[in-house]
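Survey of secondary and tertiary structure
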Amino acid sequence: MDANKLAEQFQQKIDADIKIEPQDWMPDEYRKTLIRQISQHAHSEIVGMLPEGNWITRAPSLRRKAILLAKVQDEAGHGLYLYSAAETLGITRDEMYYQLHSGKAKYSSIFNYPTLTWADMGAIGWLVDGAAIMNQVPLSRCSYGPYARAMVRICKEESFHQRQGFEILLTLSKGNAAQRKMCQDAINRWWWPSLMMFGPTDNDSPHTAQSMKWKIKRFTNDELRQKFVDVCAEQVKFLGMTLPDKDLKWNEERKHYDFGPINWEEFWNVVKGNGPCNKERLATRVQAWEDGAWVREAALAYEEKKSARKYAFQNTAKSTENAPAFQ
Amino acid sequence: MNIHITKFFYGDYGEIEGGAPAPVNNREWPLWEVFIRSKQGLDHKHVGSLHAADAAMAIENARDVYTRRMEGVSIWVVESKYIHASNPTEAGALYDPANDKIYRHPTFYQLPDELKYM
Amino acid sequence: MIIMQEQTMPAEKENAQKAKIDALLHLADDSLIMGHRCSEWCGHGPILEQDIALTNIALDFVGQARNFYQHAAALLQQLPNDMALALADFDITPASITEDSLAYLRNANAYKNHLLVELPNGDWAQTILKIFFFSNYRQILFQQLLKNSDTQLAAIAEKSLKEIQYHVKWSGEWVMRLGDGTDESRERMLKAIDYLWPYVGEFFNCTEYEKTAFELDDTSIDLLKQTWLNTINHTFQLATLPEQTFGKWYQSGGKLGIHTEHLGYILAEMQFLPRTYPNAEW
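This is a predicted model, so every value here is computed, not measured. (Residues numbered from 1 in each chain as written. Chains lettered and ligands numbered in written order. Predicted model: local features only at pLDDT ≥ 70, side-chain atom pairs only at ≥ 80, totals over all residues. Heavy atoms only, no water.)

For chain B, the helix and strand inventory stands at two helices and five strands. Ordered by position from N to C terminus, the α and β elements of chain B give β-β-β-β-α-β-α. For chain B, the proportion of its 118 residues judged to be buried stands at 33%. The long-range share in chain B, meaning contacts at least 24 apart out of those at least 6 apart in sequence, stands at 38%. (Helix = DSSP H or I, 4+ residues; strand = E, 2+ residues; numbered from the N terminus. Buried < 20%, exposed > 50% of the residue type's maximum accessible area, 1.4 Å probe, protein only. Contact = heavy atoms within 4.5 Å.)

This is the structure:
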């Protein structure tokens, strides 16, 4: 079958909402786009453990400590699901790590911002996880089977993340003056970076069209961002706090909230590695990986020794079995 | 595999072009496929994969990774390299014939509605 | 006069009550500090799968700490307030005695954990070995507690044992992997044994409150000690690590509130928020 015919059949399947599975024929570009997107998504989960992991030992109650531990652990789990999904496309996890550690692969810029107070745990849950969920729910219907299945699992587990974040903020908003100040400050610092999580405006994302045609992406950046603003502008009222945007107001005609301009210069700078924590985050990941090298090697060496011993034992057993009884 | 593309959307932040390809590492822990029985009486179902140095570790990892919310009562693991899969290009030959054998499905048979427990 | 009667207790009963509170705080502090140290690995493990495994163990420890603190808090709440505050040995007087005030408002010298658990994580070998020593100790101690006359304590022990069995298995397998893995991993295990062994004697150097509350006598303590050593040596043998014996001298004091310098740093980090804003809700 020639390539054109295959490509045509492939697109027909996508159009009919039939999932693509690992062994199916797929265009090279589709495979590459998926590997990049899934692995970067995985890297984001892993790097994303660090800003929140910072606060596990400082969580202000035992209940909060347990919740935060479980949440950061979930992120490790999500990274693992995603790395596994990417591995079905013919890349190893080690290769993906190499891309991350060498600075070649990117991850979500949001994790290059520092977590400065306990309220940041709330703001991350509410805004950052909220923005992530808004992007991830459509991805659980994406055309590539293993990715879609990983996303279904992730979305199911994510729902508690956003709720626990909002609960932290809600508690702070009802607390003393220092706590309320902490709450507003965290919202101020995380609001704009969260909006940037949806990516550049549609005009600046020339490849969105192809990804939408392949059903790797199902809504445009701006569509999702608008939806997020509309939701948050209402939710913030429950906290008695404000979003740091003087242009934010309901537009009756559009039936949406209007919001102020995003600082894209900051966005591109953080993407390029000039964010407040880029170097630190990456260095931490590299350090953990390098410090773990001897551990990984020891486990392999032990398994090899063990199988060698088992093999030697089986062979001895066999040779006596086969020996004539009368000798 | 050596991939360099620049593109930007959610979960895709582009990457720096060029650079050396990843060095070959054949000391990676092997990949295992995980199957979980969610409750007694059900089949084991494929839930995903993970890396482990040996089978005992793979089962423990599966417990830690895939049953954090009490999703399972029994775990199977098998090293991924031992999985043999059917070839999707032969899917027609393998599965299409079953399409005509509708007599294999219980709804093929028309029986009076009054007939119970069948 | 009636008021006086209500506030005084027979000396013997009071001692038993004090022993029980001390013992519960001791168990809770051990669990919390273990959980704290294990949680420091979260995000820094040698491979993703093991990061998740160790975080699970950290979660188990925090969960156990909460159960013990809650039980202690419930008992303290039944006592006259002054007495309860004195028994718990708070640094800042809390609005109420809860699992959180017990964890967050006591100073290092009120903490009663073993010295072993507060030692720094070091490398993977040291962390694994610490969990291995500690969970084996916990396993045999908690099997004793199943028969304890305090049914709540027995119930917590029973629930915890399920988790501990897994910690014992998981850490034991790692001891074998590292002991019999590569030259480097073996070297690191030997170093870890050197570093941690002086602290294991404290497990069996029982305080009066442990003897009373855990219903132990010298014979049963000796039995625990032997069982523990045999279990450790059995795994060490499989791991090709040298057989260990108890020395005549070991580090101790943690169970009576005299700690290493490490605990102060742990608590400074852990307690700073509730101490900065006393009685705030989180």
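After presenting the structure, the write-up continues.
This part is about the packing of helix α5 (residues 119-139) of chain A against helix α7 (residues 177-196) of chain A. All names here are of chain A. Interaxial distance between α5 and α7 falls to 9 Å at its minimum, and their mutual angle equals 30°. By the angle between their directions, the pair α5 and α7 is classed as roughly parallel. In the packing of α5 onto α7, the handedness of the crossing is right-handed. Along its contact with α5, which presents Ala119, Asp120, Ala123, Ile124, Trp126, Leu127, Val128 and Ala131, the element α7 presents Met182, Cys183, Ala186, Ile187, Arg189, Trp190, Trp191 and Ser194. In the contact of α5 with α7, the residues fall into 13 nonpolar, one polar and two charged. (Axes fitted to C-alpha atoms, helices over the stretch in contact; angles between N-to-C directions. Parallel < 35°, antiparallel > 145°, perpendicular 65-115°, else oblique. Left-handed = near helix turned anticlockwise from the far one by under 90°. Nonpolar A, V, L, I, M, F, W, Y, C, P; charged D, E, K, R; others polar.)

Moving on: the interface of chain C and chain B. Across the contact, twelve residues belong to chain C and eleven residues belong to chain B. Where chain C packs against chain B, one counts two salt bridges. Elements with a minimum of two residues in the side of chain C that touches chain B: α3 (48-77) and α8 (151-179) of chain C. Examining the composition of the side of chain C that touches chain B, we find that six residues originate from one element, α8 of chain C, more than from any other. The residue makeup of the side of chain C that touches chain B, split by class, is six nonpolar, two polar and four charged. (Salt bridge = Lys/Arg side-chain N within 4 Å of Asp/Glu carboxyl O.)

What follows covers the state of the cysteines. Residues and elements named next belong to chain A. Taken as a whole, this structure holds zero disulfides over all chains when the rule is applied. The structure places no disulfide on Cys155, whose sulfur is separated from the nearest cysteine sulfur, that of Cys142, by 11 Å. Residue class for Cys155 comes out buried when judged on its relative accessible area of 17%. No disulfide involves Cys232; its sulfur sits 13 Å from the nearest other cysteine sulfur, which is in Cys183. Here Cys232 falls in the buried class, since its relative accessible area comes to 2%. (Disulfide = S-S within 2.5 Å.)

Its boundaries defined by the atoms lining it, the largest pocket holds a volume of some 1600 Å³. Counting residues per element, the ones that place at least two in the lining of the largest pocket are α1 (3-15), α3 (62-87) and α6 (145-173) of chain A together with β3 (31-37) and β4 (44-51) of chain B. Broken down by class, the residue content of the lining of the largest pocket amounts to 21 nonpolar, 13 polar and 14 charged. For the second largest pocket, the calculated volume is near 720 Å³. Taken together, the elements giving at least two residues each to the lining of the second largest pocket come down to α3 of chain A, α1 (55-66) of chain B together with α3 and α8 of chain C. (1 Å grid on protein atoms, 1.4 Å probe; cavity = no way out; pocket = protein on both sides within 12 Å on 5 of 7 lines; lining within 4 Å. Points joined across faces, edges and corners; volume = space filled by probe spheres on them.)

Within a regular strand, the side chains alternate between the two sheet faces. Residues and elements named next belong to chain B. The element β3 is extensively covered by neighbouring structure, given that five of its seven residues are classed as buried. Note that β3 and β4 share seven bridges and pair antiparallel. If you follow Arg37 over to β4, its bridge partner there is His44. The sheet contact formed by β3 and strand β5 (residues 74-79) spans six bridges and is antiparallel. Across the sheet, the residue bridging to Phe35 is Trp76, located in β5. (Pairing = 2+ DSSP bridges.)

Below, the discussion takes up helix α11 (residues 278-291) of chain A. Residues spaced three or four apart along an α-helix point in a common direction, a consequence of the helix completing one turn every 3.6 residues. Residues and elements named next belong to chain A. With 14 residues, α11 extends 20 Å between its outermost C-alpha atoms, agreeing within 8% with the 20 Å of an ideal straight helix rising 1.5 Å per residue. Taken together, the buried positions of α11 are Asn278, Arg281, Arg285, Ala288 and Trp289. The arc that holds every buried residue of α11, seen down its axis, measures 120°, which confines them to one face. For α11, the exposed residues set more than 90 degrees away from the buried face come down to Lys279 and Glu290. (Expected span 1.5 Å × (residues − 1). Arc of directions from axis to C-beta.)

Before going further, it helps to examine the interface of chain C and chain A. The interface of chain C with chain A comprises 47 residues on the first partner and 48 residues on the second. Taken over both partners, the interface formed by chain C and chain A buries close to 4000 Å², and the fraction arising from carbon and sulfur atoms is 69%. Here chain C is connected to chain A by three salt bridges. At the surface where chain C touches chain A, the tally comes to 14 residue pairs in polar contact (both at pLDDT 80 or more). Where the side of chain C that touches chain A is concerned, the elements lending two or more residues are α2 (11-39), α3, α5 (99-104), α7 (124-145), α8, α9 (183-200) and α12 (262-276) of chain C. Per-element tally for the side of chain C that touches chain A: the top contributor is α3 of chain C, with eleven residues. (Buried area = accessible area lost by both parts, 1.4 Å probe. Polar contact = N/O pair within 3.5 Å; in protein donor to acceptor, adjacent residues only side chain to side chain.)

In this section: α3 of chain A. Between its first and last C-alpha atoms α3 of chain A spans 37 Å; for 26 residues at 1.5 Å apiece the expected length is 38 Å, and the two agree. Along α3 of chain A, 24 of the 26 residues are buried, which leaves the element largely enclosed by surrounding structure.

Pairing between sheet strands relies on hydrogen bonds along the backbone, with the strands arranged either parallel or antiparallel. All names here are of chain B. Strand order across the open sheet formed by three strands is β4-β3-β5, with antiparallel pairing between neighbours. This sheet does not close on itself; its edge strands, each paired only once, are β4 and β5. Each strand axis lies, on average, 25° off the axis of its neighbour in the sheet, ignoring direction.

For the coordinates displayed, the defined rule picks out 40 salt bridges over all chains. Note that Glu167 of chain A is salt-bridged to Arg63 of chain A, the shortest N-O span being 3.0 Å. Taken together, the residues Glu167 of chain A in helix α6 and Arg63 of chain A in helix α3 connect sequence positions 104 residues apart. Among the residues examined, Arg63 of chain A registers a relative accessible area of 36% and is labelled partly exposed. Between Arg177 of chain C and Asp54 of chain B there is a salt bridge, and its shortest N-O distance comes to 3.2 Å. Taken together, the residues Arg177 of chain C in helix α8 and Asp54 of chain B in the loop between β4 and α1 connect one chain to another.

Of all residues in chain A, 96% have pLDDT values of 70 or greater, and the mean over the chain is 92. Across residues 323-327 of chain A, where pLDDT falls below 50, the model places zero contacts with residues more than four positions away in sequence or in other chains. (pLDDT = per-residue confidence, 0-100.)

What follows deals with the nonpolar core. Generally speaking, nonpolar side chains in soluble globular proteins are found buried as a group. Residues and elements named next belong to chain C. In this structure, Phe133 and Trp228 are the most contacted members of the largest nonpolar core, which totals 207 residues. Broken down by element, the residue count for this core peaks at 16 residues, all from α3. Apart from the residues within four sequence positions on either side, Trp228 is in contact with Phe133, Asn136, Tyr137, Ile140, Trp197, Val200, Phe203, Phe204 and Phe246. (Core = buried A, V, L, I, M, F, W, Y, C linked by side-chain atoms within 4.5 Å.)

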